[in-house]
Amino acid sequence: MIYAADKGHMHLAHQVEPNYKGHIRSDAILKIAAGLSNPFPLLAFLGFPVPPFIRDALYDQVANN
């Protein structure tokens, strides 16, 4: 972890690996769910095989409400 000072305030900055590819939308939700306690890893396991365009459409519907 890296701490950065900005006008007298300390902020925690995240050091990211140079080739790190961030996750967005449904991919991010499934990655987070995989790291949580039960039953979320099972839901993530079942969600990954679903095509991303379907997962993202569902994600958008939930996010808009």
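One can find the structure itself at the top, above this paragraph.
Now for a quick tour of the structure. (Residues numbered from 1 in each chain as written. Predicted model: local features only at pLDDT ≥ 70, side-chain atom pairs only at ≥ 80, totals over all residues. Heavy atoms only, no water.)

Secondary-structure assignment places Ser-26 in helix H1 (residues 25-34). Among the polar contacts made by the side chain of Ser-26, one reaches the side chain of Arg-55 at a distance of 3.2 Å. Not counting residues up to four positions away in its chain, the partners in contact with Ser-26 are Pro-52, Arg-55, Asp-56 and Tyr-59. (Helix = DSSP H or I, 4+ residues; strand = E, 2+ residues; numbered from the N terminus. Polar contact = N/O pair within 3.5 Å; in protein donor to acceptor, adjacent residues only side chain to side chain. Contact = heavy atoms within 4.5 Å.)

Close approach of charged atoms allows side chains of opposite charge to pair. For the structure on display, the rule yields two salt bridges. Among the ionic pairs, Arg-55 bridges to Asp-27, the shortest N-O distance being 2.3 Å. Placement of the pair is Arg-55 in helix H3 (residues 52-64) and Asp-27 in helix H1, with a sequence separation of 28 residues. Given the relative accessible area of 29%, Asp-27 is considered partly exposed. (Salt bridge = Lys/Arg side-chain N within 4 Å of Asp/Glu carboxyl O. Buried < 20%, exposed > 50% of the residue type's maximum accessible area, 1.4 Å probe, protein only.)

There is a patch of nonpolar side chains on the surface, built from Ile-32, Leu-36, Phe-40, Leu-42, Leu-43, Phe-45 and Leu-46 and spanning about 730 Å² of accessible area. Here the nonpolar patch takes five residues from helix H2 (residues 40-47), the largest share from any one element. When you line up the elements, Phe-40 lands in helix H2. A relative accessible area of 38% places Phe-40 in the partly exposed class. (Patch = residues over 30% accessible without salt bridge, like charges linked within 9 Å, V, L, I, M, F, W, Y side chains within 5 Å. Areas by Shrake-Rupley, 256 points an atom, 1.4 Å probe, with all protein chains shown as cover.)

Look at H1 against H3: their axes get within 8 Å of each other, and the N-to-C directions meet at 90 degrees. By the angle class used here, H1 and H3 are roughly perpendicular. The segment H1 lies against H3, with Arg-25, Ser-26, Asp-27, Ile-29 and Leu-30 engaging Pro-52, Arg-55, Asp-56, Tyr-59 and Asp-60. The residue inventory of the contact of H1 with H3, partitioned by class, reads four nonpolar, one polar and five charged. (Axes fitted to C-alpha atoms, helices over the stretch in contact; angles between N-to-C directions. Parallel < 35°, antiparallel > 145°, perpendicular 65-115°, else oblique. Nonpolar A, V, L, I, M, F, W, Y, C, P; charged D, E, K, R; others polar.)

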